[in-house]
Amino acid sequence: MTREPAFRPHRVVVLALDGLLPFELGIPHRIFGQPKDASGRHLYEVLTCSVRPPGPVETEADFAVHVPHGPEVLATADTVVVPASYELGPVFEQGVLSDDLVAAFAHIRPGTRLASICTGVYVLAATGRLDGRPATTHWAEAEHFQRLFPRIKVDANVLFIDDGDVLTSAGVAAGIDLCLHMVRRDHGTAVANDVARRMVVPPHRDGGQAQYIHRPVPDPQLATTTAARAWALGRLHEPIQLRDMAEQEAMSVRTFTRRFREEAGVSPGQWLARQRVERARHLLESTDLSIDQVARDSGFGTAQSMRQHLQAALGVTPTVYRRTFRTGAVDGVGPATAGLRR
């Protein structure tokens, strides 16, 4: 008789550095602390550590936080998250790790997933693990970051970048998007959407969505594209032309396209394709519909078209995606990330 493997939640270790921003420190705990499997077991275990023995860590606010673990707990991590800090010292100024950071990162096992929020990316970059790879950070620091680390392919115009075993995000709220993305990658859209609903945040802002750089607040008196997006979401299974969406707002196609990009950060066509991918993911996870039917219901028309879009967005075929997420979140055996990357 085959014995099922013992359940073990995926361990996320958050590295708290002096000068940390309390908001960013709380993001991984809030998001990874919620998902549960069908038996009510937490899918993640979240621990916080310092580069020093347990004790206080100063924040950029007028209070310190007590961190219960030293750097040795990094050796047990499946994922390590480095939130933002305003006191990175030689990491920020020279692009080199301090001695205590060198010692801390020596505990991390090969193959551990690494993630950063905002300026936490400086720490990952200083280890050399981002050389030759894409990364992002807060737009205000992107130019300095690129000068300090010229071997990294910096993209300051996105919310986050998933490069498989290393993920980086822009500032502040983009850390929420990144952590939700990791939950979605590990356990599928249904689990991630449930976490988002509980947090009262949008369930999905795609990583390629633009950061809000020098973008004025829209005049509330001006027409927006909200109604057109709502109209399209209710008709994803139908052919939708750009002119059809523009008509919902009584705009010319040219004006609608410009306004849509200003508000959503992507073109109407890119947005529509992403919504259809999300619809397909939901149907593959939650229904027994055939691949052909899922393709039709999500607006791709043919299984081949859907396969190409999912392969481009997720790196897997619809069949592999369904096999992974119809079982991964329910069985609660931990993240099912093999082969899934942005």
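See above for the structure.
Residues numbered from 1 in each chain as written. Predicted model: local features only at pLDDT ≥ 70, side-chain atom pairs only at ≥ 80, totals over all residues. Heavy atoms only, no water.

A. Region of interest: the overall build of the chain. On a plain count of helices and strands, the chain comes out with 15 helices and ten strands. The buried share among the 342 residues of the chain stands at 50%. (Helix = DSSP H or I, 4+ residues; strand = E, 2+ residues; numbered from the N terminus. Buried < 20%, exposed > 50% of the residue type's maximum accessible area, 1.4 Å probe, protein only.)

B. Molecular detail of the sheet that holds strand β1 (residues 10-15). Here six strands make up an open sheet; going across it, the order is β2-β1-β5-β6-β10-β9 and the pairing mixed. Edge positions in the sheet fall to β2 (44-49) and β9 (160-162), since each of these pairs with one other strand and no more. Strand-to-strand twist in this sheet, taken as the mean axis angle between neighbours without regard to direction, amounts to 15 degrees. Where strand β6 (residues 113-117) and strand β10 (residues 166-169) come together, four bridges link them in parallel fashion. Directly across from L114, in β10, lies its bridge partner V166. Taken strand by strand, helix α1 (residues 22-32) contacts β1, β2, β5 (79-82) and β6, and its axis lies near 160 degrees from that of β2. Sheet strands in contact with helix α6 (residues 174-187) are β2, β6, β9 and β10, and its direction is about 150 degrees off that of β10. (Pairing = 2+ DSSP bridges. Axes fitted to C-alpha atoms, helices over the stretch in contact; angles between N-to-C directions. Contact = heavy atoms within 4.5 Å.)

C. Geometry of the environment of R8. With respect to the helices and strands, the residue R8 is situated in the segment before β1. For R8, a relative accessible area of 48% corresponds to the partly exposed category. C-alpha separation for the pair R8 and H42, spaced 34 residues apart in sequence, amounts to 9.2 Å. Within the structure, R8 has its side chain in polar contact with the side chain of D78 (distance 3.1 Å). (Polar contact = N/O pair within 3.5 Å; in protein donor to acceptor, adjacent residues only side chain to side chain.)

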